[in-house]
Amino acid sequence: MTYFRPEIDAMAGYVPGEQPQEGEVVKLNTNENPYRCSPAVDRAIEEVVRRGLEKYPDPTAGPFRRKAAEVLGVEPDWILCGNGSDDILTIATRAFVGEGQLLRLPYPSYILYKTLAQIQGARSEEIRFEPDWSLSDRFAAASDGLRLAFLPNPNSPSGTMLPPERVLELAERLPCPLLVDEAYADFADAQCMHLVARNEKILVSRSMSKSYALAGLRFGYVVAQPQVIAGLTKVKDSYNCDAFAIAAATAAIGDQAWLADNRAKIVATRARLTAGMRDLGFATVDSQANFTWNVHPEQPVKPLYVRLKQEGILVRYMDYAGWGDGLRISVGTDEQIEACLERLKAMV
């Protein structure tokens, strides 16, 4: 006997990357930032402690919305905040996609998207990327019950991205909202935030976990036209961002000098990682994110993942049915990447 809905019993559930809590490892598997966050974050958290935690936080994360609006060049009512960008994806799915309706996503991409559809009792449709990681017009085609499309840009696991003009073209053709998941956009050469004002169907979500080094706090947000934000606000949990997260995220996004310096370090190390993997015989895709996707034309990569793990280096092994497998390696510090490359050199 089960008490769960049939959809829940039938699904496998999302499996996060390994998060060891003990021991020393070189952690290059979940695309965290290898550097400490802005010092402004420490001061903001200390101020929250000084004020106390006996009261509920701002239900709309007003301080963050106001500061982010300054940085992004929009009004605060164009922004909705969440407990990580995964919360934003959940809110959008709950708001737009009903039971039996359709959620569209590219393949391969972030595997949580399909899980969100399953939880909702909705259907999902995967449109395969082309071999060059572009998307055909099929992604924008009308389909019975289609209510929402997710587009990670840059994509995971590939690190590739569609140009903003192509994203706009797809959005204009789609009969439903298009949520552009820009979790890694701060590491990219182009972004889609400016498209929100051009088409009300476009929403752009961002995470503070990657480029701002706040993965441990959980804070994300979405930018959309005000009428869209008003509808999404009806669906969010009452206090979905706590006082620590609001204060830390506000301080972080206010320190754009720290972001620029951090981005420069990550991009430089990414170039070294890409060159190093290619020197070892891997086919490594040019990345616009803080990780690289690596396949080897001559040998299986899963044994490499296992051996690296045995030697204290965690990378992400991913196997996509009908597409193939590979190693997704996060951009760490120069020392961490050098250690990873040296170990791999002895294996291939």
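So, how was this worked out
Residues numbered from 1 in each chain as written. Predicted model: local features only at pLDDT ≥ 70, side-chain atom pairs only at ≥ 80, totals over all residues. Heavy atoms only, no water. 1 Å grid on protein atoms, 1.4 Å probe; cavity = no way out; pocket = protein on both sides within 12 Å on 5 of 7 lines; lining within 4 Å. Points joined across faces, edges and corners; volume = space filled by probe spheres on them. Helix = DSSP H or I, 4+ residues; strand = E, 2+ residues; numbered from the N terminus. Nonpolar A, V, L, I, M, F, W, Y, C, P; charged D, E, K, R; others polar. Buried < 20%, exposed > 50% of the residue type's maximum accessible area, 1.4 Å probe, protein only. Arc of directions from axis to C-beta. Contact = heavy atoms within 4.5 Å. Core = buried A, V, L, I, M, F, W, Y, C linked by side-chain atoms within 4.5 Å. Expected span 1.5 Å × (residues − 1). Pairing = 2+ DSSP bridges. Phe/Tyr/Trp six-rings, centres within 6.5 Å; stacked < 30°, edge-to-face > 60°. Lys NZ or Arg CZ within 6 Å of the ring centre and 35° of its normal.

Looking at this model, I keep getting lost on the layout of surface pockets. Mind explaining?
In this approach a probe as big as a water molecule rolls over the atoms, and the regions it shows empty are the leftover space. Of the voids in this model, the largest pocket is the one considered here, and its volume is about 620 Å³. Around the largest pocket, the lining is made up of 30 residues, and of these Y14, T30, D86, Y110 and K210 lie nearest the centre. Secondary structure elements with two or more residues in the lining of the largest pocket: α4 (85–96) and β12 (316–320). Looking at the lining of the largest pocket residue by residue, the class counts come to 13 nonpolar, ten polar and seven charged.

It is not clear to me how helix α10 (residues 302–310) should be interpreted in this structure. Could you clarify?
The α-helix advances 3.6 residues per turn, and as a result positions three or four apart in sequence lie on the same side. Burial in α10 covers these residues: L304, Y305 and L308. Buried residues along α10 cover an arc of 100° about the axis, so they all sit on one side. On its buried face, α10 is in contact with β11 (313–314), β12, β13 (324–330) and α11 (334–345). Of the residues trailing α10, G312 is marked for its positive phi of about 85°.

How do you make sense of the nonpolar core when you look at a structure like this?
In this structure, F64, L178, M208 and F219 are the most contacted members of the largest nonpolar core, which totals 61 residues. Here this core gets eight residues from one element, more than from any other, and that element is helix α8 (residues 243–253). Setting aside residues no more than four positions away along its own chain, F64 makes contact with C81, M208, F219, Y221, A249, T250 and I253. Of all hydrophobic cores here, the second largest spans 27 residues; its members include A183, F282, Y305 and V331.

Mind showing me how you'd approach the environment of A257 here?
Here A257 shows up in helix α9 (residues 256–279). Given a relative accessible area of 59%, A257 falls into the exposed group. As for A257 and S38, which are separated by 219 residues in sequence, their C-alpha atoms are 9.4 Å apart.

Help me understand empty space enclosed by the protein, please; the structure alone is not making it clear to me.
Within this structure, the stated rule accounts for one cavity of 30 Å³ or more. Here the largest cavity is characterised by a volume of approximately 30 Å³. The residue inventory of the lining of the largest cavity, partitioned by class, reads five nonpolar, two polar and two charged.

Sorry if this is basic, but what is going on with the environment of I253 here?
Within the secondary structure, I253 sits in helix α8. Overall, I253 belongs to the buried group, its relative accessible area being 1%. Taking the C-alpha atoms as reference points, I253 and C37, separated by 216 residues in sequence, lie 11 Å from one another. Those residues within four positions of I253 in sequence are excluded, and the remaining contacts are F64, K67, A68, V71, M208, Y212 and Y221.

Can you help me understand α9 in this one?
Here α9 contains 24 residues, and its C-alpha end-to-end distance of 35 Å stays within 8% of the 34 Å for a straight helix at 1.5 Å per residue. The inward-facing, buried residues of α9 abut α2 (39–51), β9 (283–284), β10 (291–295), β13 and α11. Of the residues flanking the end of α9, it is G281, one or two places downstream, whose phi is positive at about 95°.

So what exactly am I meant to see when it comes to the pairing of β13 here?
Note on strand geometry: in a regular strand, side chains alternate between the two faces of the sheet. With five of seven residues buried, β13 is to be regarded as a mostly interior element. Pairing geometry for β10 and β13, over four bridges, is antiparallel. What sits directly across from F291, in β13, is S330. Where β12 hands over to β13, the hairpin turn is made up of three residues, of which G322 adopts a positive phi near 80°.

Just to check I follow, could you spell out the packing of aromatic side chains for this structure?
Aromatic rings considered in pairs are described by the distance between their centres and by the relative angle of their planes. Going through the model one piece at a time under the given rule, you end up with twelve aromatic pairs. Look at F64 and Y221: their rings are 5.2 Å apart centre to centre, the planes differ by 55°, and that puts the pair in the tilted class. In this pair, F64 sits in helix α3 (residues 62–72) while Y221 sits in strand β8 (residues 220–223), placing the two residues 157 residues apart along the sequence. For the pair shown, F64 and Y221 are each scored as buried. Taking the centre distance of 6.2 Å and the plane angle of 70° together, the rings of W293 and Y320 count as edge-to-face. Taken as a pair, W293 in strand β10 and Y320 in strand β12 lie far apart in primary sequence, 27 residues in all. A single burial state applies to W293 and to Y320, both of which are buried. One aromatic cluster in this structure is built from Y14, Y110, Y113 and F150. Here the basic side chain of K265 rests over the ring of Y35, its NZ or CZ set 4.1 Å away from the ring centre. Between the NZ or CZ atom of R328 and the centre of the ring of F291, over which it lies, the distance is 5.5 Å.

Mind showing me how you'd approach the sheet that holds β13 here?
Spatial strand order, β9-β10-β13-β12: four strands in an open sheet with antiparallel pairing. The two strands at the open ends of the sheet, each matched to only one other strand, are β9 and β12. When β12 meets β13, the two strands line up antiparallel, connected through five bridges. If you follow M318 over to β13, its bridge partner there is G326.

Note that every value here comes from positions in space, so none of it alone points to a role or purpose.
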